Amino acid sequence: MNAEPQRTPPRVPPLTRLTVAETALRLLNEGGLDKLTLRAIAQELDVKAPALYWHFKNKQELIDEMATEMLRRMVAGPEGTGPGDHSAPWREQMLSANRRLRQALLAYRDGARVFTGSRFTGTEHAEQAETHLRALLAHGFELPQAVRAMATAFSYTLGFVIEEQGVHPVPGERRDGYDVAERGERLAGYPLAAASGTHLFEEYDEHFEEGLRIVIDGIAARYAIR
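Note that the coordinates shown come from a computational prediction; the quantities given were computed from them, not determined experimentally. (Residues numbered from 1 in each chain as written. Predicted model: local features only at pLDDT ≥ 70, side-chain atom pairs only at ≥ 80, totals over all residues. Heavy atoms only, no water.)

Chemist: Would you mind showing me how to read the overall build of the protein chain here?
Modeler: If you tally the helices and strands in the protein chain, you get twelve helices and zero strands. When the accessible surface of the protein chain is summed, it comes to about 13900 Å², and 54% of that surface belongs to carbon and sulfur atoms. (Helix = DSSP H or I, 4+ residues; strand = E, 2+ residues; numbered from the N terminus. Areas by Shrake-Rupley, 256 points an atom, 1.4 Å probe, with all protein chains shown as cover.)

Now the structure itself:
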């Protein structure tokens, strides 16, 4: 009788910082940042939890790597920043950069919270900063002004998305308690506050654009940059 051919076991990808971060980002969309644990990631990777500690000492180190991978994906995407066009108006550059940032954060449940306070582990962020700072200096900013302008616009975008994802954790999903009509009825004794609900909890695309342009107009006025 012929012996049965031996079956080749399925190839298991090596456990690296990248495979752990990619798995964490996938699980992030399922349960959010609060439910993301090293134990859950280890179970998904079919390894023991201590194996992850060879790569990350704690959850914050993992979050740092997750934020870095999010940035890498944003840069590598079809609308990545590339070398930058220093001849383009600085306003349009800043609008475009922060639009891309918002879309990158919205691609993940709690994406903005992952970015908040994270320390990037690679150098992609420095490459992007160098490109944008050179562009701003080419349009008349001094370096301290350019840094503050970039940081202010970044903080606006990050804060906006944190609030946005507090209502819509992912596109198409709305948290309980943010029904604008119910809120209007509850605050009927405060007509202006009641009417503000539409401007706070709906039409986020329009509100983001308006707020970002307010920030950029303020930068231009503060530093007298046309």
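Chemist: Looking at this structure, how should I read a nonpolar patch on the surface?
Modeler: Residues L137, L143 and V147 make up a contiguous nonpolar surface patch of roughly 240 Å² in combined accessible area. Mapped onto the secondary structure, V147 falls in helix α8 (residues 143-167). Residue V147 is classed as partly exposed on the basis of its relative accessible area of 39%. (Patch = residues over 30% accessible without salt bridge, like charges linked within 9 Å, V, L, I, M, F, W, Y side chains within 5 Å. Salt bridge = Lys/Arg side-chain N within 4 Å of Asp/Glu carboxyl O. Buried < 20%, exposed > 50% of the residue type's maximum accessible area, 1.4 Å probe, protein only.)

Chemist: Looking at this structure, how should I read unusual backbone geometry?
Modeler: Outside of glycine, negative phi angles account for most residues, and trans bonds account for most peptide bonds. If you check the backbone angles, E203 has positive phi at about 55° while not being a glycine. Secondary-structure assignment places E203 in the loop between α11 (197-201) and α12 (204-223). A positive phi angle is found at A224, which is not glycine, with a value near 50°. Turning to its location among the elements, A224 is positioned in the segment after α12.

Chemist: So what exactly am I meant to see when it comes to the layout of surface pockets here?
Modeler: Using a probe with the size of a water molecule, rolled over the atoms, empty space left in the structure can be pinpointed. Its boundaries defined by the atoms lining it, the largest pocket holds a volume of some 620 Å³. Around the largest pocket, the lining is made up of 25 residues, and of these L101, Q128, H132, M150 and F154 lie nearest the centre. By residue number, the principal contributor to the lining of the largest pocket is helix α5 (residues 90-106), which donates seven residues. Split into classes, the residues belonging to the lining of the largest pocket amount to 16 nonpolar, eight polar and one charged. (1 Å grid on protein atoms, 1.4 Å probe; cavity = no way out; pocket = protein on both sides within 12 Å on 5 of 7 lines; lining within 4 Å. Points joined across faces, edges and corners; volume = space filled by probe spheres on them. Nonpolar A, V, L, I, M, F, W, Y, C, P; charged D, E, K, R; others polar.)

Chemist: So what exactly am I meant to see when it comes to the pattern of salt bridges here?
Modeler: A side chain of one charge can pair with a side chain of the opposite charge if their charged atoms are brought near each other. Applying the stated criterion across every chain, the model contains 16 salt bridges. Residues E65 and R72 are paired through a salt bridge, measuring 3.4 Å at the closest nitrogen-oxygen approach. Given a relative accessible area of 5%, E65 falls into the buried group. Given the relative accessible area of 26%, R72 is considered partly exposed. Of the charged contacts, one joins D217 and R91 as a salt bridge, the two residues approaching to 2.6 Å between their closest N and O atoms. Note that D217 is positioned in helix α12 and R91 in helix α5, a separation of 126 residues in sequence. Overall, D217 belongs to the partly exposed group, its relative accessible area being 42%. Note on R91: relative accessible area 30%, which makes it partly exposed.

Chemist: When you look at the nonpolar core in this model, what are you seeing that I'm missing?
Modeler: Burial of nonpolar side chains together is a common tendency in soluble globular proteins. Counting residues in hydrophobic clusters, the biggest one holds 29 residues, and the most contacted among them are I41, L62, M66, L105, V114 and F115. For this core, the elements supplying multiple residues, two or more each, are α1 (17-31), α2 (38-45), α4 (59-76), α5, α6 (111-115) and α8. Element by element, the count of residues in this core is highest for α4, at seven residues. Filtering out sequence-adjacent residues up to four positions away, L62 remains in contact with V20, A21, A24, L38, I41 and F56. (Core = buried A, V, L, I, M, F, W, Y, C linked by side-chain atoms within 4.5 Å. Contact = heavy atoms within 4.5 Å.)

Chemist: Any chance you could explain the environment of L187 here in plain terms?
Modeler: Mapping L187 onto the fold places it in the loop between α9 (180-186) and α10 (191-195). Separated by ten residues in sequence, L187 and G197 place their C-alpha atoms 9.9 Å apart.

Chemist: What should I look at first to understand a negative patch on the surface in this one?
Modeler: A contiguous patch of negative charge on the surface is contributed by D179, E185, E202, E203 and E206. Examined against the element boundaries, E206 turns out to sit in helix α12. (Lys, Arg positive; Asp, Glu negative; His and termini not counted. Charge placed at Lys NZ, Arg CZ, Asp CG, Glu CD.)

Chemist: How should the packing of aromatic side chains be read in this particular structure?
Modeler: Within a pair of aromatic rings, the relevant descriptors are the distance that separates the centres and the angle that separates the planes. This structure, assessed with the given rule, holds eight aromatic pairs. Every member of this aromatic cluster is reached through a ring pair, and the members are Y156, F160, Y204 and F208. (Phe/Tyr/Trp six-rings, centres within 6.5 Å; stacked < 30°, edge-to-face > 60°.)

Chemist: Sorry if this is basic, but what is going on with the side chain of S118 here?
Modeler: For S118, the position within the fold is in the loop between α6 and α7 (124-138). A relative accessible area of 15% places S118 in the buried class. Within polar-contact distance, the side chain of S118 engages the backbone oxygen of V114 at 2.3 Å. In contact with S118, other than residues within four places in its own chain, are Q60, I63, D64 and A67. (Polar contact = N/O pair within 3.5 Å; in protein donor to acceptor, adjacent residues only side chain to side chain.)

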